[in-house]
Amino acid sequence: MSLSPFVPTPKFEDYRERFKDHFRLERRADGVLLAQAHTLGGSVQLSVENHRALGQLFKTIGADPENEVLILTGSGEHFMMAIDPEGFALERENLQHWAYEYAYKDGRINVSSLINDLEIPTIGVLNGSGGHTEICLMCDLTLCAEEAIIFDPHFNMGSVPGDGIHSCFQELLGVKRAAYALLTGQRIDAKLALEYGLVNEVLPRDQLLGRAWKLADHIMSQPRATRRLTTQILRRPWKQRVADDLDGGFGIQMFAHLAKNEAIHDPDRAASAAAAGRKVFD
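Keep in mind it's a predicted model, so treat the numbers as computed, not measured. Sequence positions are assigned chain by chain, starting from 1 and proceeding in written order. Thresholds applied to this predicted model are a pLDDT of at least 70 for local features of residues and 80 or more for the giving and counting of side-chain atom pairs; totals over whole chains, interfaces and linings are not thresholded and use all residues. Side-chain metrics in this entry use all non-hydrogen atoms of the structure; hydrogen atoms and water are not considered.

A separate point is the pattern of salt bridges. Any Lys or Arg side-chain nitrogen found within 4 Å of a carboxyl oxygen on Asp or Glu counts as a salt bridge. Within this structure, the stated rule accounts for 21 salt bridges. Put simply, Asp-106 and Arg-52 hold a salt bridge, and the shortest N to O gap is 2.9 Å. Of the two residues, Asp-106 is situated in helix α4 (residues 95-116) and Arg-52 in helix α2 (residues 48-63); the sequence distance between them amounts to 54 residues. Only protein chains enter the accessibility calculation, which uses a 1.4 Å probe; a residue is then buried when its area is under 20% of its type maximum, exposed when over 50%, and partly exposed in between. Owing to a relative accessible area of 4%, Asp-106 belongs among the buried residues under this scheme. By relative accessible area, which is 24% here, Arg-52 ends up partly exposed. The closest approach of N and O atoms between Glu-68 and Arg-227, which form a salt bridge, is 2.9 Å. Within this pair, whereas Glu-68 is found in the loop between α2 and β4 (69-73), its partner Arg-227 is found in helix α10 (residues 224-260), the two being separated by 159 residues in sequence. Accessibility assignment for this pair places Glu-68 and Arg-227 in one class, buried. Each of Arg-52, Glu-101, Lys-105 and Asp-106 takes part in salt bridges that share partners, so that together they form one network. Secondary structure is summarised from DSSP: a helix means a run of H or I of at least four residues, a strand means a run of E of at least two, and numbering begins at the N terminus for each.

What follows concerns the nonpolar core. Buried residues of nine kinds, namely Ala, Val, Leu, Ile, Met, Phe, Trp, Tyr and Cys, make up a nonpolar core once their side-chain atoms join them within 4.5 Å. Leu-25, Leu-70, Ile-71, Trp-98, Ile-123, Ile-150 and Phe-169 are the most contacted members of the largest nonpolar core, which totals 78 residues. The greatest single-element share of this core, amounting to eight residues, is contributed by α4. If we skip the residues at most four places from it in the chain, Leu-70 touches Leu-33, Ala-35, Phe-58, Ile-61, Leu-118, Ile-120, Pro-121, Thr-122 and Ile-123. For this analysis, residues touch if any pair of their heavy atoms sits within 4.5 Å.

For strand β6 (residues 122-126), the tally of buried residues reaches five of five residues, placing the bulk of the element in the interior. Side chains of β6 alternate between two faces, with Thr-122, Gly-124 and Leu-126 and Ile-123 and Val-125 buried alike. At least two bridges found by DSSP between two strands are what make those strands a pair. Alignment of β4 against β6, held across four bridges, turns out to be parallel. By the bridge assignment for β6, Leu-70 is matched with Thr-122. The pairing of β6 with strand β7 (residues 141-145) spans four bridges and is classified as parallel. Note that in β7 the partner of Leu-126 across the bridge is Cys-144.

Just geometry here; none of it tells us what the structure is for.
Structural data, given as structure tokens:
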């Protein structure tokens, strides 16, 4: 017997309660975990609070050995089309503190934890349109609702798209298509997303979770070590991409914010950015 015990691992019942304001968590007896991001029960409205919660959730899920597959999705009709009206008050109050503490640090953890802290297969489910779709697109498998539109609003909001979406688009779309999408705010519909290789399957929204559970059943048909070690093979390109691009891209984005000395996260600016993306193609 060792002189010291193992540190206790997280218990599902505890963190299901801890994260309830940001994620509805459901886990089957076999360890397949469903995490549905939400704001007040509906579609996510981005804020510094739920931004931070994402990385905290990934680290917690990864530390629980009873989790075997993660299905990650949003709630309602949209994935992330709105900003919490007061969700970035901290940015307006103290831009320098926000830029490191809530943007650079938390944002890098969000993306790197998805790739590095989860030893289990992941299935991303885009339930609708929105920004920050990299969180689902960088999962091992990705399902997409038929009506979903994938786009990045950063450039049209006056922000440098360097917080992870650039890594995602460059890896999946290639350099030229990624440049076009990031500079124009191109609205990539589900059919084109499938053609481009951003997603694996396109389905009616009401069939997405059923298909995700079925894929999870297939993954669970193989031994635990096989599932987990296959995941590590699949993640190698993402690990390299994150190591090469994420910190630098995020640093450039935050430098741009501080150089302009301007807070940008507000609902009106987000709506204008979405409209600007549509206008380019009118």
